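Understanding the architecture of this molecule
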Amino acid sequence: PAQTQGKLAYWSGCWAGTIMDNMAQNAARILNHLHIPFVHFGEREQCCGLYLSLGGYKEDFQALIKRNLEMFNEAGVDTIVFSCPGCYATFNENYPQMALEMGIECNIRFKHIAVYLSELIAEGKLKFREPLDYSVTYHDSCHVGRWFGHYDEPRSVIRAIPGIELREMEHSKEQGLCCGLVAAFDSLPSVAHSGMSRVQEAAATGADYLVTNCAGCGSQFNATCHAMGTQVQQVDLTELVAKA
């Protein structure tokens with residue numbers, strides 16, 4: 001069960017909380033299994049403000065930032081873990097800058113869950129007991145990958161799981177291809193083309209699973225894999241961790 005007060009909070013975000021809610025559920029399962037208390041804001045968790053920022057609605061964005069930071073401070077939070085790379089990027093890049101502009105404090109550490117899990121493994125707090133006899137390939141989402149350069153952390157998590165074989169795609173890390181969802185409109189040919197190109201690369205590795213860290217990428221690949229009838233299927237990183 002989530003706490004109302006504490007130093008660590010988990011922020012599911014709208015995509016991971018609704019589109020692919022198994023991401024949020026797995027995060028909670030992992031934290032509970034490790035007996036790590038965490039704050040979750042439930043219905044008070046509204047939005048990170050990404051789309052207000054992208055749309056140029058600065059005053060609305062500032063009001064949201066102020067409300068969220070006040071909510072975090074009231075709960076005593078100093079670290080927030082995110083499933084959604086978009087939320088992670090928004091909090092990391094926009095909140096400290098906008099808080100400074102507004103004259104309010106933002107002394108919170110923001111971490112994507114792939115990074116947080118890699119830290120728990122390195123500290124010996126997260127250990128695996130169930131070998132998974134899978135071959136997998138890993139897709140670097142744009143925010144976690146090129147944006148913040150977290151290429152090694154998610155791979156270290158995958159390699160720490162006993163039984164798993166990691167196979168890299170033709171284009172990986174800095175050269176990784178887009179899932180297509182960033183184009184946002186399914187009617188655009190580039191969306192399907194991007195998704196199919198990436199899934200073809202994943203299928204070419206012969207892997208059982210295409211591992212994602214983002215609900216946007218995950219939903220796009222899940223639909224594309226099924227539409228193409230591929231052997232390789234999409235799975236979120238936290239799903240593997242929870243199973244192991």
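Structure report, in brief. Predicted model only: the values in this text are computed from it and were never measured. Residue numbering note: each chain is counted from 1, following its sequence as written. The model is predicted, so local features are restricted to residues of pLDDT at least 70 and side-chain atom pairs to those at 80 or more, both for listing and for counting; the totals for chains, interfaces and linings are taken over all residues. Values reported for side chains reflect all heavy atoms of the structure, with hydrogen atoms and water molecules removed beforehand.

On to the overall build of the protein. Under the scheme used here, helices are H or I runs from DSSP no shorter than 4 residues and strands are E runs no shorter than 2 residues, and both carry numbers assigned from the N terminus. Per the secondary structure count, the protein includes 11 helices and seven strands. In terms of overall size, the protein behaves like a compact globule, its C-alpha atoms giving a radius of gyration of 18 Å where 244 residues would be expected to give roughly 18 Å. Should any heavy atoms of two residues lie within 4.5 Å, those residues are counted as being in contact. Across the protein, every contact between residues at least 6 apart in sequence was considered, and the portion connecting residues at least 24 apart equals 77%. Surface exposure of the protein reaches about 11700 Å², of which carbon and sulfur atoms provide 52%. All tallies of charge rest on Lys and Arg as positive and Asp and Glu as negative; His and the ends of each chain are not included. Here the site of a charge means atom NZ of a Lys, CZ of an Arg, CG of an Asp or CD of a Glu. Charge centroids of the protein, computed over 18 positive and 27 negative side chains, lie 5 Å from each other. For the radius of gyration, the atoms used are the C-alpha atoms, and the globule rule reads 2.2 Å times the number of residues raised to 0.38. Reported accessibility uses the Shrake-Rupley method at a 1.4 Å probe radius. Residues are deemed covered only where the shown protein chains occlude them.

With that settled, consider the packing of helix α6 (residues 113-122) against helix α8 (residues 152-160). Interaxial angle, 0 to 180 degrees, is taken between N-to-C directions of lines fitted to C-alpha atoms, where a helix line uses only the stretch in contact. Taken N-terminus to C-terminus, the directions of α6 and α8 make an angle of 50 degrees; their axes are 8 Å apart at the nearest point. As summarised for this structure, α6 and α8 are arranged oblique, according to the angle between their axes. Between α6 and α8 lies a crossing whose hand is left-handed. Residues A114, V115, L117, S118 and I121 of α6 pack against E153, P154, S156, V157 and A160 of α8. Here the nonpolar group is Ala, Val, Leu, Ile, Met, Phe, Trp, Tyr, Cys and Pro; Asp, Glu, Lys and Arg are the charged ones; every other residue, Gly included, is treated as polar. For the contact of α6 with α8, the class distribution of residues is seven nonpolar, two polar and one charged. Should an angle fall under 35 degrees it is called roughly parallel, over 145 degrees roughly antiparallel, and 65 to 115 degrees roughly perpendicular, with every other angle called oblique. The hand of a helix crossing depends on one turn: near helix anticlockwise from the far one by less than a right angle means left-handed, and clockwise means right-handed.

Strands sit in the order β1-β2-β3 across an open sheet of three strands; the sheet is parallel. The open sheet is flanked by β1 (8-11) and β3 (109-112), the only strands paired with a single partner. Across the sheet, the mean angle separating the axes of adjacent strands is 25 degrees when strand polarity is ignored. Taken strand by strand, helix α5 (residues 85-102) contacts β1, β2 (79-82) and β3, and its axis lies near 155 degrees from that of β3. At least two bridges found by DSSP between two strands is the condition for calling them paired.

What follows deals with the nonpolar core. For soluble globular proteins, nonpolar side chains are generally found buried alongside one another. As used in this record, nonpolar core signifies buried Ala, Val, Leu, Ile, Met, Phe, Trp, Tyr and Cys residues forming a set joined through side-chain atoms within 4.5 Å. Think of it in three bands: residues with accessible area under 20% of the maximum for their type are buried, residues over 50% are exposed, and the middle band is partly exposed, with areas taken using a 1.4 Å probe on protein chains only. Counting 31 residues, the largest nonpolar core has L117, I158, I161, V211, L240 and V241 as its most contacted members. Contributing elements (two or more residues each) for this core: β1, α2 (22-33), α6, β4 (135-138), α8 and α11 (237-243). Counting residues per element, this core draws most heavily on α6, which supplies five residues. Contact partners of L117, with chain neighbours within four places excluded, come to I30, L126, V157, T238 and V241.

Two rings belonging to Phe, Tyr or Trp (six-membered ring only in the last case) form a pair when the distance between their centres is within 6.5 Å. Interplanar angles under 30 degrees mark stacking, angles over 60 mark edge-to-face geometry, and anything in between is tilted. In this structure the tally under the stated criterion is 12 aromatic pairs. Taking the centre distance of 5.9 Å and the plane angle of 55 degrees together, the rings of F82 and F110 count as tilted. Taken together, the residues F82 in strand β2 and F110 in strand β3 connect sequence positions 28 residues apart. When the ring of Y88 is compared with that of F148, the centres are 4.7 Å apart and the planes differ by 50 degrees; the resulting orientation is tilted. With Y88 in helix α5 and F148 in the loop between α7 (143-147) and α8, the pair connects residues that are 60 residues apart, well separated along the chain. By relative accessible area, which is 23% here, F148 ends up partly exposed. Taken together, W11, F41, F61, F72, F82, Y88, F91, Y95, F110 and F148 form an aromatic cluster joined through their ring pairs.

On their own, these measurements won't tell you what the molecule is for.
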